Amino acid sequence: MDYPFPTNQHGHLEIGGIDAVDLAQKYGTPLFVYDVSIIRKNARAFVETFRSLGVKYQVAYASKAFSSVAMLQVANQEGLSLDVVSQGELYTAIQADFPVEKIHMHGNNKSREELEMAVQYGIGCIVVDNFYEIELLKEILQETNRSMEILLRVTPGIEAHTHDYILTGNEDSKFGFDLSNGQAEQAFLLANASPLLHVKGLHCHIGSQIFETDGFIMAVRRLFESLHQWNQVYDYTPEVLNLGGGFGIRYTAEDEPLPLVDYVEALVSEVKQQAESLRLPVPEIWIEPGRSIVGNACVTIYTLGSIKNIPGIRKYVSVDGGMTDNLRPALYQAKYQAVVANKANHDLKEQVSVAGKCCESGDMLIWDIDVPDINHGDLLAVFSTGAYGYSMSNHYNRFPKAAVVFVEDGRDQLVIKRESYKDLTRNDLQYAYNGGVLNEASNN
Ligand SMILES: *Cc1c(COP(=O)(O)O)cnc(C)c1O
C-alpha cells in the first residue's frame, strides 16, 4: 500500500522519522500522530499551483477537519486562509493568533453571538447562508457601525459523486440559496442593496471526498450563468468565486485520488474560460480544502486488547479507542487501512475485524483487514485519520479524548493533551435536592 510512512530497521512503522512504538510508549494510546511535513506538502501543492497559474487566490483551510492551536499555526505558516464554522473554531483561531482578515465564517445557522464575534474581530469574510442571516448581520452592523465583506453561499444543483450524507451542493440542502428557483438572486439583491454589506461574490461547496473534476467544472459553469445574468441586469461584477473544498484523499487501496494540482488546474482553467467568454474580469478564486490538507498526514495508534475468535465466522480484535476518536466508520461506513505498527514487516497471516471498545455493535473501525500473527499489546496504526477524526471525537461511554502529537524532522511534540478523568467531570455539578430535603451539597 502506498502510504507515506516507511518501516524502519526494527520492522516498526515510522512517522516523520520517529518510531511509532516509541511514540505509543511515550504518549500512550489511542494517539493521533500528524506528520507535519505532509500537511505542509499538501498546503503547498494548492498554493504553488495557484501561484504558478498567475491568478489571485486564497486557499482557506477548512478548520472543521481538524482545529487546534498548533494546527492553525501551521496553516498560517503555510500562507493559508482559514474557514471557521462556529464561535469555537473562531475562538481557536484567535488563540492561535491567526490573522483575522484571512478568516472566513461559514454556517447554516450562525447565531447572533457568532456573528457579533465575527464582526467584533473584523474577520475577512462571512459566507452568508440564508435570509435570516442577512437580516441579523445587517442589524449587528448597524448597531456597531461597521460593514462586512460577504459571499453568498449558493446551491448550484450539482451532485458530486460521493456518499449521500456528505452531499451539500444539490437543491435539497440545508445549506445556501438555490440558484435555480430565484432565491439566490433575491438574496443578492437584498444584500447588494445594503451599504453595510459588500457582496464580493458567490460560494459553493458541492460535496466531499470527490475524485473527479467534472463536478467542480459544472459548478463553475452554473455560477457563471447567474453571474453573467446579474452582470447584464444589475451591472454587478463579482470579485471572488469560492468553489469550496471536497478534494478526495486515499483511505484504502480502492481510493484513487487525483493529484491536488489537478483540481486547481481544472478550476482555474474553467474560471478563466468562462470569464473570458462572458467578458467578465477573472475573479479571485478561493478554495476551502479540509480533508486534503490534513487527512493523509495522520495515523492513529491503538493498543490491541481482547481478541474474540468465532470459528467459521469472524475474529474480532478490539482496540482501546473506536467511535469516540473516529466516528466516520459508524457515521458514513467509512473504510480505513491499517498496519500492526510493531510488526510492520511481518507476513500477513489472517483476516480479522477491528472493533472499538464502545458499548455499541456498530463501533467497528475496520471490517476486514489482513494482519500478521497478532496478540494483545500489539499496536495498530490506522492510516489517513487526520480529517474529521479528532474533530469529531466525543465522550461516549465517558472515554477521555485522545492526545495529539505533531512530528516533523525527527522531533515529536504534544499539541493536544490527553484528557483526564477530572477533565471529564469538570462541568458536572452535584444535585442539591434529595426528595424534599435540600442537601448542603457544595458545588465549588
Ligand atoms: C466541509 C467543508 C469544506 C471542507 O471539505 P473537505 O471535504 O474537508 O475538503 C469546505 N467548505 C465547506 C463549506 C464545507 O462545508
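Small disclaimer: the values here were computed from a predicted structure and weren't measured. (Residues numbered from 1 in each chain as written. Predicted model: local features only at pLDDT ≥ 70, side-chain atom pairs only at ≥ 80, totals over all residues. Heavy atoms only, no water.)

**Observations concerning the site of the ligand**
Inference 1: Near the ligand there are 14 residues, and of these Lys64, Ser208, Glu288, Arg291 and Tyr388 occur at the shortest range.
Inference 2: Between the ligand and Gly290 there is a distance of 2.9 Å, counted from an oxygen atom to a backbone nitrogen or oxygen.
Inference 3: Measuring from an oxygen atom of the ligand, one finds a side-chain N or O atom of Tyr388 at 2.5 Å.
Inference 4: Considered on its own, the ligand offers 380 Å² of accessible surface; in the complex 94% of this is hidden by protein.
Inference 5: Class assignment for the residues of the shell around the ligand results in 3 nonpolar, 7 polar and 4 charged. (Near = heavy atom within 4 Å. Polar contact = N/O pair within 3.5 Å; in protein donor to acceptor, adjacent residues only side chain to side chain. Areas by Shrake-Rupley, 256 points an atom, 1.4 Å probe, with all protein chains shown as cover. Nonpolar A, V, L, I, M, F, W, Y, C, P; charged D, E, K, R; others polar.)

**Examining the UniProt feature "binding site: substrate" (unreviewed entry) in the protein**
Inference 1: Mapped onto the present numbering, the UniProt feature "binding site: substrate" (unreviewed entry) falls on Arg291, Arg328, Tyr332, Glu360 and Tyr388. Maximum C-alpha separation among the annotated residues is 26.7 Å over a sequence range of 98 residues, too wide for a single clustered spot.
Inference 2: In this fold, Glu360 is placed in the loop between strand E16 (350-355) and strand E17 (364-371).
Inference 3: The partly exposed category is assigned to Glu360, whose relative accessible area is 39%.
Inference 4: In this view, Glu360 contacts Met323 and Tyr396; residues no more than four positions away in its chain are not counted.
Inference 5: A relative accessible area of 11% places Tyr388 in the buried class.
Inference 6: Apart from the residues within four sequence positions on either side, Tyr388 is in contact with Lys64, Ala65, Arg291 and Arg328. (UniProt positions renumbered as here; feature names shortened; annotations may be inferred. Helix = DSSP H or I, 4+ residues; strand = E, 2+ residues; numbered from the N terminus. Buried < 20%, exposed > 50% of the residue type's maximum accessible area, 1.4 Å probe, protein only. Contact = heavy atoms within 4.5 Å.)

**A closer look at the pairing of strand E7 (residues 125-128)**
Inference 1: Of the two faces of E7, the one carrying Cys125 and Val127 and the one carrying Ile126 and Val128 are both buried.
Inference 2: Where strand E6 (residues 103-105) lies against E7, 2 bridges are found, and the strand directions are parallel. Paired with Met105 across the bridge in E7 is Ile126.
Inference 3: Since E6 and E7 lie parallel, the crossover through helix H5 (residues 112-121) that links them has a hand, and here it is right-handed.
Inference 4: Bridge count between E7 and strand E8 (residues 148-155): 3 bridges; the pairing is parallel. If you follow Ile126 over to E8, its bridge partner there is Ile150.
Inference 5: For the crossover from E7 across helix H6 (residues 131-144) to E8, the handedness is right-handed. (Pairing = 2+ DSSP bridges. Right-handed = clockwise from strand over helix to strand, strands pointing away.)

**Concerning the environment of Ile39**
Inference 1: Here Ile39 lies in helix H2 (residues 36-53).
Inference 2: Ile39 sits in the buried class, given a relative accessible area of 1%.
Inference 3: Spatially, the C-alpha atom of Ile39 lies 18 Å from that of Ser208, the residues being 169 residues apart in sequence.
Inference 4: Residues contacting Ile39, with those up to four places away along its chain left out, are Tyr34, Met71, Val74, Ile293, Val294 and Ala297.

**Topic: the domain arrangement of the protein**
Inference 1: Splitting the protein by domain gives domain 1 (14-34 + 295-419) and domain 2 (36-293).
Inference 2: Computed over C-alpha atoms, the centres of domain 1 and domain 2 are 32 Å apart.
Inference 3: Each partner contributes to the interface: domain 1 provides 24 residues, whereas domain 2 provides 23 residues.
Inference 4: For the domain 1 and domain 2 pair, buried surface summed over both sides reaches about 2,100 Å², with 60% attributable to carbon and sulfur atoms.
Inference 5: Counting across the interface, domain 1 meets domain 2 through 1 salt bridge.
Inference 6: Ionic pairing is found between Arg40 and Glu408, a salt bridge with its closest N-O pair at 2.6 Å.
Inference 7: In this structure, the connection of domain 1 to domain 2 is made through 9 residue pairs in polar contact (both at pLDDT 80 or more).
Inference 8: At the level of elements, helix H11 (328-332), strand E19 (403-408) and strand E20 (411-416) are the ones that each hand at least two residues to the side of domain 1 that touches domain 2.
Inference 9: At 4 residues, E19 tops the list of elements feeding residues into the side of domain 1 that touches domain 2.
Inference 10: Among the residues making up the side of domain 1 that touches domain 2, the classes are represented as 13 nonpolar, 8 polar and 3 charged. (Domains from an automatic or database assignment. Buried area = accessible area lost by both parts, 1.4 Å probe. Salt bridge = Lys/Arg side-chain N within 4 Å of Asp/Glu carboxyl O.)

**Some points on the packing of helix H4 (residues 87-95) against H5**
Inference 1: Look at H4 against H5: their axes get within 10 Å of each other, and the N-to-C directions meet at 25°. The pairing of H4 with H5 is recorded here as roughly parallel in orientation. The chirality of how H4 crosses H5 is left-handed. Mapping the contact onto sequence places Gln87, Leu90, Tyr91 and Ile94 in H4 and Glu113, Glu114, Met117, Ala118 and Tyr121 in H5.
Inference 2: In terms of residue class, the contact of H4 with H5 is made up of 6 nonpolar, 1 polar and 2 charged. (Axes fitted to C-alpha atoms, helices over the stretch in contact; angles between N-to-C directions. Parallel < 35°, antiparallel > 145°, perpendicular 65-115°, else oblique. Left-handed = near helix turned anticlockwise from the far one by under 90°.)

**A look at the packing of aromatic side chains**
Inference 1: In this structure the tally under the stated criterion is 16 aromatic pairs.
Inference 2: Their ring planes at 80° and their centres at 5.6 Å tell us that Phe32 and Tyr390 sit as a pair that is edge-to-face. Of this pair, Phe32 sits in strand E3 (residues 31-35) while Tyr390 sits in the loop between strand E18 (379-383) and E19, and the two are 358 residues apart along the sequence.
Inference 3: An aromatic cluster of at least three residues, connected via ring pairs, comprises Phe32, Tyr34, Phe66, Tyr390 and Phe406. (Phe/Tyr/Trp six-rings, centres within 6.5 Å; stacked < 30°, edge-to-face > 60°.)

**Regarding the side chain of Asn42**
Inference 1: Among the structural elements, Asn42 can be located in helix H2.
Inference 2: Judged by its relative accessible area of 8%, Asn42 falls in the buried class.

**Focus on the pattern of salt bridges**
Inference 1: Counting across every chain of the model gives 19 salt bridges.
Inference 2: Residue Lys26 is joined to Asp412 by a salt bridge in which the shortest nitrogen-to-oxygen separation is 2.8 Å. Here the residue Lys26 occupies a position in helix H1 (residues 20-27), and Asp412 occupies one in strand E20, the gap between them amounting to 386 residues.
Inference 3: On the basis of relative accessible area, Lys26 is assigned to the exposed category, the value being 55%.
Inference 4: Between Glu143 and Arg112 there is a salt bridge whose closest N-O contact spans 3.3 Å. You can see Glu143 sitting in helix H6 and its partner Arg112 sitting in helix H5, a full 31 residues away along the chain.

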